Amino acid sequence: MNWEHIDECARKWLKEAGVRIRETFEQQLTVQMKSNRKDLVTNVDKETEQFFIERIKETFPEHRVLGEEGFGDDVGALDGVVWIIDPIDGTMNFIHQQRNFAISIGVFHDGIGQLGYIYDVVHDELYYAQKGKGAFLNGRPLPRLQPVEISEAIISLNTTWVIENARIDPSVLAPLVKAVRGTRSYGSAALEMAYVATGRLDAYITMRLSPWDFAGGLVIVEEVGGIVTNVYGEPLQLLGQNSVLVAKPGLHEQIVTKYIRK
Ligand code: 2AM
Ligand code: CA
């Protein structure tokens, strides 16, 4: 597999898609609700996914695509090369704020993440990694993550998980919120993973993500020595929904063993 060539194409297409997305800021968006009023999609999400699929199929006809908006293949297993794409991660931010969103792509081969991309379109910041070759932000290598004390850690989590919710007893996370130095919430899982990879955050915790939300971030975070599992410390199911805990080593273990209980 020529990963250098695949990487070159992916980066070129990301930049092109970014230009298109920035141009849409001047235009009227079409916003639709998916499952509920908090679950949104726009014409730009759909057009961006189609943009990638057209180029991937033209250049690499044997590759398959799993895309959030459903224009790709019906992927039931991860054999061969599969691109897992979220055309806009943080759609609500895209609509309300025109920032704090990203294009997220993970390229997997037989279930192993080989390439990861998170492109912060507004800031023109491309986080990327190739398995075994390190992670980068706009060409600058990202250093390996260093241990941190929980009392000095900043973690990101959505307030959803500390009020009554369908997935976790809110009292579970309260002691963790008290123990850390601070909490943040950005509304884009991909960016939150990029921020862990760069050390701006020490951990990110959430109770439900789909594969396209974490596929790119998984490859990038693991390349800098970060740990990505579900909140119980178990490996993520790449084709299903998962809770996700992304953290520096050490801190990850502490959160799983001291703060989370099943
Ligand atoms: P999206 O913008 O691509 O939908 C918001 O906290 C984060 O969770 C975003 O990354 C968002 O991705 C993701 N998200 C929103 N709704 C979700 C759902 N129903 N299942 C999984 N992930 C979701
Ligand atoms: Ca999305």
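Residues numbered from 1 in each chain as written. Chains lettered and ligands numbered in written order. Predicted model: local features only at pLDDT ≥ 70, side-chain atom pairs only at ≥ 80, totals over all residues. Heavy atoms only, no water.

Caption draft 1: The site of ligand 1, seen in detail. Neighbouring ligand 1 are 15 residues, the closest being D86, D89, G90, A189 and R208. One nitrogen or oxygen atom from the side chain of D213 is found 3.0 Å from a nitrogen atom belonging to ligand 1. Taking 490 Å² as the accessible area of ligand 1 by itself, protein coverage stands at 77%. Listed by contribution, the elements that provide at least two residues to the shell around ligand 1 are β4 (81–89) and β12 (203–209). If you tally residues by element for the shell around ligand 1, the top one is β4, at 3 residues. In the shell around ligand 1, the residues fall into 3 nonpolar, 7 polar and 5 charged. (Near = heavy atom within 4 Å. Polar contact = N/O pair within 3.5 Å; in protein donor to acceptor, adjacent residues only side chain to side chain. Areas by Shrake-Rupley, 256 points an atom, 1.4 Å probe, with all protein chains shown as cover. Helix = DSSP H or I, 4+ residues; strand = E, 2+ residues; numbered from the N terminus. Nonpolar A, V, L, I, M, F, W, Y, C, P; charged D, E, K, R; others polar.)

Caption draft 2: Quick look at the coordination of the calcium ion (ligand 2). Each protein donor to the calcium ion (ligand 2) is listed here as E68 (OE), D86 (OD), D86 (OD) and I88 (O); together their distances run 2.1 to 3.0 Å. Along the chain, the residues donating to the calcium ion (ligand 2) fall in the pattern E-x17-D-x1-I. Linking E68 in the loop between β3 (64–67) and β4 with I88 in strand β4, this pair joins segments that are 20 residues apart in sequence. (Donors = N, O, S within 2.8 Å, 3.2 Å for Na, K, Ca; no water.)

Caption draft 3: Summary view of the pairing of β12. Counted residue by residue, β12 has 6 buried out of 7 residues, so it is predominantly covered. Taken together, the 2 bridges between strand β10 (residues 154–156) and β12 define a ladder with parallel strand orientation. For I155, the partnering residue across the bridge sits in β12 and is A203. Pairing of β12 with strand β14 (residues 242–247), which is carried by 5 bridges, proceeds in the antiparallel orientation. Residue pairing in the sheet places L209 in a bridge with N242 of β14. (Buried < 20%, exposed > 50% of the residue type's maximum accessible area, 1.4 Å probe, protein only. Pairing = 2+ DSSP bridges.)

Caption draft 4: Highlighting the domain arrangement of the protein chain. For the protein chain, the assigned domains are domain 1 (3–141) and domain 2 (150–260). Put simply, the middle of domain 1 and the middle of domain 2, counted by C-alpha atoms, are 21 Å apart. Contact with domain 1, which involves 38 residues of that partner, is made by 23 residues of domain 2. Three residues, D89, I118 and Y127, lead the burial of domain 1 against domain 2; their summed loss comes to 25% of the area buried on that side. At the junction of domain 1 and domain 2, the tally comes to 0 salt bridges. In this structure, the connection of domain 1 to domain 2 is made through 9 residue pairs in polar contact (both at pLDDT 80 or more). Only β3, β4, β5 (102–109), β6 (112–120), β7 (125–130) and β8 (134–137) provide two or more residues apiece to the side of domain 1 that touches domain 2. (Domains from an automatic or database assignment. Contact = heavy atoms within 4.5 Å. Buried area = accessible area lost by both parts, 1.4 Å probe. Salt bridge = Lys/Arg side-chain N within 4 Å of Asp/Glu carboxyl O.)

Caption draft 5: Structural view of the sheet that holds β10. Taken in spatial order, the 5 strands line up as β11-β10-β12-β14-β13 in an open sheet, and their pairing is mixed. Single-partner strands in this sheet number two, and they are β11 (182–184) and β13 (227–229). The sheet shows a mean angle of 15° between the axes of neighbouring strands, direction not considered. Here 3 bridges tie β13 to β14, and the two strands are oriented antiparallel to one another. Looking at the pairing, T229 lines up with L245 of β14. (Axes fitted to C-alpha atoms, helices over the stretch in contact; angles between N-to-C directions.)

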